[in-house]
Amino acid sequence: SETGSGACLFLASTPLHTFFALGLMAGPMRQAPKHLWLIDQPPGARDYLGEALEKSGAIDAKVTRFAALRGTAAARAQLREMSAQAARIAPATIAVGMDHRLEFYGALRGCPSARRVYIDDGLYSYLPHQHATAPWLEGLSNWRRSLKYGLPVERPALVGGSKAVQAAYVLLPGQVHRGLAGKPVQALQPDWFATDAVRQTGIAAAALAGFDAASCAGLGLLLLLPHPRFL
């Protein structure tokens, strides 16, 4: 295990982040106490993988849900609570799938000594963000948001490129953008996701979504297309 007995705190704002977190939980962080925070959860939204992780028990992890931040005062209060919870967990590693999220910086405030790891966010790990800004404007935006929410925050033009992120796990280490290229970047390994624990969690998640995962056994080809904005 990369982290030994130190706890790992994962922050997932999409099911993709949760999926990659499962692989890390079953792989290099398998021996560590595990906490998954499902953040930025709109009313009625469901992360079936997170639900399955909580209900199936295939991987021993504590799952906590946090609603989407709304309003400055309420957001400040929720971020303070997240900082307090992170301080109680005292994780050796904080892993996040989107380093724009205020919740990430709330957790860091609670445990600034934690190693900060980026989890692949998809194509934004390899392509510049469509709305990338000039460095001076990015710095001004960070300063204004820090004042607004009462804690140091970053909103990097390149996802994963914040100064807070120290290392990364991605699918294609050799193709990451310049914001990640200068950091220790490791490949997500297929065998982590082939473990019984991850497979059982995936099957349970499919069942929660009303889908029989066994029906995929007969597929000869699975075609995955990126979002049209990237084509």
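Residues numbered from 1 in each chain as written. Predicted model: local features only at pLDDT ≥ 70, side-chain atom pairs only at ≥ 80, totals over all residues. Heavy atoms only, no water.

Looking at the packing of helix α1 (residues 15-26) against helix α2 (residues 48-56)
Direction vectors running N to C along α1 and α2 enclose 40°, while the axes themselves pass 8 Å from each other. When the axis of α1 is compared with that of α2, the two are oblique. From α1, Pro 15, Thr 18, Phe 19, Leu 22 and Met 25 reach across to α2, where they touch Leu 49, Gly 50 and Leu 53. For the contact of α1 with α2, the residue count by class is 6 nonpolar, 2 polar and no charged. (Axes fitted to C-alpha atoms, helices over the stretch in contact; angles between N-to-C directions. Helix = DSSP H or I, 4+ residues; strand = E, 2+ residues; numbered from the N terminus. Parallel < 35°, antiparallel > 145°, perpendicular 65-115°, else oblique. Contact = heavy atoms within 4.5 Å. Nonpolar A, V, L, I, M, F, W, Y, C, P; charged D, E, K, R; others polar.)

Details of the sheet that holds strand β4 (residues 93-96)
Strand order across the open sheet formed by 7 strands is β3-β2-β1-β4-β5-β6-β7, with parallel pairing between neighbours. Of all the strands in the sheet, just β3 (61-67) and β7 (185-187) have a single pairing partner and so form its edges. Strand-to-strand twist across the sheet, computed as the mean angle between neighbouring axes with direction ignored, equals 20°. The sheet contact formed by strand β1 (residues 8-12) and strand β2 (residues 34-41) spans 5 bridges and is parallel. Note that in β2 the partner of Phe 10 across the bridge is Leu 36. In this fold helix α3 (residues 72-89) packs onto β1, β2 and β3, with an angle of close to 170° to the strand it touches most, β2. (Pairing = 2+ DSSP bridges.)

Examining the nonpolar core
With 35 residues, the main nonpolar core has Leu 9, Leu 11, Trp 37, Ile 94 and Phe 104 as its most contacted residues. Going through the elements one at a time, β1, β2, α3, β4, α4 (102-110) and β6 (167-170) are the ones with two or more residues in this core. In contact with Phe 104, other than residues within four places in its own chain, are Leu 11, Ile 94, Val 96, Asp 99, Arg 116, Ala 164 and Val 165. If you look at the next biggest cluster of nonpolar residues, it comprises 29 residues, including Leu 22, Leu 24, Leu 36 and Leu 53. (Core = buried A, V, L, I, M, F, W, Y, C linked by side-chain atoms within 4.5 Å. Buried < 20%, exposed > 50% of the residue type's maximum accessible area, 1.4 Å probe, protein only.)

Describing the pairing of β1
In regular strands, side chains alternate between the two faces of the sheet. Of all the 5 residues making up β1, 5 are buried; the element is thus mostly covered by neighbouring parts of the structure. The β-α-β motif built from β1, the intervening α1 and the parallel element β2 has right-handed crossover chirality. (Right-handed = clockwise from strand over helix to strand, strands pointing away.)

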